[in-house]
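Spelled out, the chains give:
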Amino acid sequence: MKLKSLARMLLYFSFIFNLFGFVSFAFPETLGKSAGLPVPPQLIYSSFVAGTILIWAFGYLYLARQKEFNRPLLWIGTVGKFNFFIALLISWCHSEIALQTVMMGLVDLFMGIVWLSYLLTSKHELK
């Protein structure tokens, strides 16, 4: 499988994955708790994070549907995946979340690594 095909497949997958993330943060007392997220978060944090995750879900869907990836947007999405995993790791180190939650975050780390690999190895054509 070509790296670009894998990157595209993971963009579609990330759309679905982010929808689950949105629901987890939008309903922290129930679904968020089952995902191992700390309860109860302040409403401003959970609603902002849920909204941001939802926005990115549609950003990843947009990227997946393009013939050629918008490289700056893919870079930002890649950094976002690494950022989320690092936030999970830091939260786990401070005993705020369970190891199970960090393990679920490995999916984000994997997507970030694949996209970074694509960005670093693909040729960017200027128009």
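Residues numbered from 1 in each chain as written. Predicted model: local features only at pLDDT ≥ 70, side-chain atom pairs only at ≥ 80, totals over all residues. Heavy atoms only, no water.

Caption draft 1: Representation of the pattern of salt bridges. Under the counting rule described, the total for this entry stands at two salt bridges. Here Glu-68 ties to Lys-4 by a salt bridge, and the two come within 3.0 Å at their closest N and O atoms. You can see Glu-68 sitting in the loop between α3 (43-65) and α4 (71-93) and its partner Lys-4 sitting in helix α1 (residues 3-26), a full 64 residues away along the chain. Using a relative accessible area of 47% as the deciding quantity, one classes Glu-68 as partly exposed. With a shortest N-O distance of 2.9 Å, Asp-108 and Lys-81 are connected by a salt bridge. (Salt bridge = Lys/Arg side-chain N within 4 Å of Asp/Glu carboxyl O. Helix = DSSP H or I, 4+ residues; strand = E, 2+ residues; numbered from the N terminus. Buried < 20%, exposed > 50% of the residue type's maximum accessible area, 1.4 Å probe, protein only.)

Caption draft 2: Up close: the nonpolar core. By size, the foremost hydrophobic cluster in this structure holds 13 residues, and its most contacted members are Ala-7, Leu-11, Phe-69, Leu-74, Trp-115 and Tyr-118. Looking at this core, the element that brings in the most residues is helix α5 (residues 99-121), giving five residues. For Leu-74, the contacting residues outside a window of four places in its chain are Leu-11, Leu-63, Phe-69, Trp-115, Tyr-118 and Leu-119. Among the nonpolar cores identified, the runner-up in size contains five residues, and Phe-25, Leu-37, Ala-50 and Ile-53 belong to it. (Core = buried A, V, L, I, M, F, W, Y, C linked by side-chain atoms within 4.5 Å. Contact = heavy atoms within 4.5 Å.)

Caption draft 3: Geometry of the packing of aromatic side chains. Applying the stated rule across the entire model yields six aromatic pairs. Note on Phe-15 and Phe-58: the rings are 5.3 Å apart at their centroids and 70° apart in plane angle, and the pair reads as edge-to-face. You can see Phe-15 sitting in helix α1 and its partner Phe-58 sitting in helix α3, a full 43 residues away along the chain. A relative accessible area of 47% places Phe-58 in the partly exposed class. (Phe/Tyr/Trp six-rings, centres within 6.5 Å; stacked < 30°, edge-to-face > 60°.)

Take it as geometry only, folks, not as evidence of what the structure does.
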